Amino acid sequence: MPDDEDTSAGVILSGEENAAVRVKLEREKRGWSTTTVSDLLNEAGFDMNPSAVWRIENRKRRINLDEAIGFAEIFGVPLTNFVGPPRLATMGRAMELIDGVVAAYRASHRANHEAREARDRLDAYLADHPEIREEADVMVSNAIATEMTKINEEYGPDSET
C-alpha cells in the first residue's frame, strides 16, 4: 500500500491493517500493556496471549474476525469504526458524525423503499377500482403537498439546523 495517507480508498479498504494499527493506538491511549489487553480479551471470552497482541500490532500475525470483535468490545468502539481508517478513528467525534451520516442515509433509503411499496399497493388497489382513481390521486397529491410544506418550514433554508 502506498505511503500517501490521502489515498482514501486504499486506507478505507485495508480493514485488517487498520485494525492492527487501531489495536496499538487504543492500547497506548489507555496506557495498557499487551498483557492487560490479553487479560481483558480473555475475560471477555476471546482467547489471546500477550505475544499475540504484540504480533498483531506489529503485523507479524493476522487478526481474525472474532478477535477484531473482541478488540472492539474491550476498547468500547463499534466494529466498523475499529476497522476504519486509524487517522479518523482517533478523532472520535468524526467517527460519530460519519456513523450519523450513514444511519441517516440508510433511513432515507428505507423510507423511500417503504414509500414506493405504499404507492405500489395503492396503485394496485386503484387498478381494481378505477372509479375512485382521480379522487384518490388528488387526495394523495394534496396530502404530500401539505407534508412537503411542513418539511420545508422545518428544514428549509431559514431553519436553524
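Bear in mind that the values here come from a model prediction, so they are computed numbers and not experimental data.

What counts, and where the lines are drawn
Residues numbered from 1 in each chain as written. Predicted model: local features only at pLDDT ≥ 70, side-chain atom pairs only at ≥ 80, totals over all residues. Heavy atoms only, no water. Helix = DSSP H or I, 4+ residues; strand = E, 2+ residues; numbered from the N terminus. Buried < 20%, exposed > 50% of the residue type's maximum accessible area, 1.4 Å probe, protein only. Contact = heavy atoms within 4.5 Å. Areas by Shrake-Rupley, 256 points an atom, 1.4 Å probe, with all protein chains shown as cover. Axes fitted to C-alpha atoms, helices over the stretch in contact; angles between N-to-C directions. Parallel < 35°, antiparallel > 145°, perpendicular 65-115°, else oblique. Nonpolar A, V, L, I, M, F, W, Y, C, P; charged D, E, K, R; others polar. 1 Å grid on protein atoms, 1.4 Å probe; cavity = no way out; pocket = protein on both sides within 12 Å on 5 of 7 lines; lining within 4 Å. Points joined across faces, edges and corners; volume = space filled by probe spheres on them. Salt bridge = Lys/Arg side-chain N within 4 Å of Asp/Glu carboxyl O. Phe/Tyr/Trp six-rings, centres within 6.5 Å; stacked < 30°, edge-to-face > 60°. Lys NZ or Arg CZ within 6 Å of the ring centre and 35° of its normal.

This part is about the overall build of the protein. In terms of regular secondary structure, the protein is built from nine helices and zero strands. If you list the helices and strands of the protein from N to C, you get α-α-α-α-α-α-α-α-α. When the 161 residues of the protein are sorted by exposure, 24% land in the buried category. A fraction of 42% describes how many contacts in the protein between residues 6 or more apart in sequence connect residues 24 or more apart. Counting only carbon and sulfur atoms, one obtains 56% of the accessible surface of the protein, whose full area is about 11,200 Å².

A few words now on the packing of helix α2 (residues 15–30) against helix α4 (residues 50–57). Two quantities define a packed helix pair, namely the angle between the axes and the distance from one axis to the other. At a closest axis distance of 7 Å, the pairing of α2 and α4 adopts a crossing angle of 120°. Considering the angle they form, α2 stands oblique to α4. Side by side, α2 and α4 meet where Ala-20, Val-23, Lys-24 and Arg-27 of the first sit next to Val-53, Ile-56 and Glu-57 of the second. Along the lines of polarity and charge, the residues of the contact of α2 with α4 split into four nonpolar, no polar and three charged.

Here we take up unusual backbone geometry. Not every positive phi belongs to a glycine, and Arg-59 is a case in point at roughly 55°. Along the chain, the position of Arg-59 falls in the loop between α4 and α5 (65–75). Of the residues examined, Arg-59 reaches a relative accessible area of 43% and is grouped as partly exposed.

In this section: the layout of surface pockets. When its volume is computed, the second largest pocket comes out at roughly 260 Å³. Lining the second largest pocket are Ala-115, Arg-119, Leu-122, Val-140 and Ile-144. Broken down by secondary-structure element, the contributors of at least two residues to the lining of the second largest pocket are α8 (92–128) and α9 (133–155). Among the elements that take part in the lining of the second largest pocket, α8 stands out by supplying three residues, more than any other. Here the residues of the lining of the second largest pocket sort into four nonpolar, no polar and one charged.

What follows deals with the pattern of salt bridges. For the coordinates displayed, the defined rule picks out 13 salt bridges. For Arg-59, the salt bridge goes to Glu-17, with nearest N and O atoms at 3.0 Å. With a gap of 42 residues between them, Arg-59 in the loop between α4 and α5 and Glu-17 in helix α2 connect regions that are remote in the sequence. The residue Glu-57 makes a salt bridge to Arg-27 at a minimum N-O spacing of 2.5 Å. Here Glu-57 is found in helix α4, whereas its partner Arg-27 is found in helix α2, with 30 residues between them in sequence. Arg-27 shares its class with Glu-57; the two are buried. Residues joined by salt bridges that share partners form a network here, namely Arg-22, Glu-26, Lys-29 and Arg-30.

Here the focus is the side chain of Glu-57. In this structure Glu-57 comes out as buried when scored by relative accessible area, which is 2%. Residues within four places of Glu-57 in sequence aside, it is in contact with Ala-20, Val-23, Lys-24, Arg-27 and Thr-34.

Attention now goes to the packing of aromatic side chains. Scanning all chains against the criterion turns up four aromatic pairs. Taken together, a centroid distance of 6.1 Å and an interplanar angle of 15° make the contact between Phe-71 and Phe-75 stacked. With Phe-71 and Phe-75 both in helix α5 and four residues apart, the pair spans about one turn of that helix. An identical accessibility class is assigned to Phe-71 and Phe-75; each is buried. The ring of Trp-32 is capped by Arg-30, whose NZ or CZ atom sits 5.4 Å from the centre of that ring.

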